[in-house]
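Each chain, written out:
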Amino acid sequence: MQILISMEMDSLEQPVRFRISGFALCLIVLMGCKMQPKGIAQYAFYPGTDDTLAVTSFYNGLEHGEFRRFHENGVLMEQRYYAMGVKTGPLKRYWNNGKIQSHYFFANGEYQGTCREWNPEGKLVREMNYERGYESGSQKQWYDDGSIRSNYIIRDDRRYGLLGTKNCINASDSVGIN
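Note that the coordinates shown come from a computational prediction; the quantities given were computed from them, not determined experimentally.

On to the environment of tyrosine 143. Relative to the helices and strands, tyrosine 143 resides in the loop between β14 (137-142) and β15 (148-155). Measuring from C-alpha to C-alpha, the distance between tyrosine 143 and asparagine 119 comes to 9.4 Å, with 24 residues separating the pair along the chain.

As structure tokens, then:
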């Protein structure tokens, strides 16, 4: 994998940019750097091409800022944010046709609020609610044809409603043994 590193240095007006092969070499170069970088943007490319696979930003060695990953056809696959190594804000994923696949929200590294997922045709197939990383309140899932797969509520750490699970069938009943 080809990686392009862009570093912002305290003593330089323009970022330093260089292209390397292999992540281990990247670490060696950064460890041997005499100047301390303020921030680093890492660009990863699909093998043998100049097509961007992912863009990651770091600050003081921690993921910080926007992270983007792309499908091979150049369409945005994922966009998320970090604050000093902790997931924060919206996480959006996209199908390779450009339609949204999922939209989540993070607070302090945990799911928070309403999270949604769509199928490749753009139909909503899942809607969950979270409070500090745990399911909370209404949870809904649909099949691709729009029929209900599950519909339940979380209250006091218990699930109430249609869970979308099937009842167990005794193996002897299914093979006709008495």
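Back to the text.
Applying the stated criterion to the full structure yields eight salt bridges. With a shortest N-O distance of 3.7 Å, arginine 126 and glutamate 117 are connected by a salt bridge. Through salt bridges with shared partners, a single network forms among Arg69, Glu78, Arg80 and Arg93.

Let's shift gears to unusual backbone geometry. With a phi angle near 55°, asparagine 108 is a residue other than glycine that sits in the positive phi range. The topology assignment puts asparagine 108 in the loop between β9 (100-107) and β10 (110-111). Even without a glycine there, the phi angle at aspartate 156 is positive, about 55°. Within the fold, aspartate 156 resides in the loop between β15 and β16 (158-162).

Time to look at the environment of tryptophan 142. Looking at the secondary structure, you find tryptophan 142 in strand β14. Between the C-alpha atoms of tryptophan 142 and arginine 126, which are 16 residues apart in sequence, the distance is 6.3 Å. Other than its neighbours up to four places away in sequence, tryptophan 142 contacts Leu124, Val125, Arg126, Glu127, Ser147, Ile148 and Arg149.

Basis of the calculations
- Residues numbered from 1 in each chain as written.
- Predicted model: local features only at pLDDT ≥ 70, side-chain atom pairs only at ≥ 80, totals over all residues.
- Heavy atoms only, no water.
- Helix = DSSP H or I, 4+ residues; strand = E, 2+ residues; numbered from the N terminus.
- Salt bridge = Lys/Arg side-chain N within 4 Å of Asp/Glu carboxyl O.
- Contact = heavy atoms within 4.5 Å.

That is the geometry; function is a separate question.
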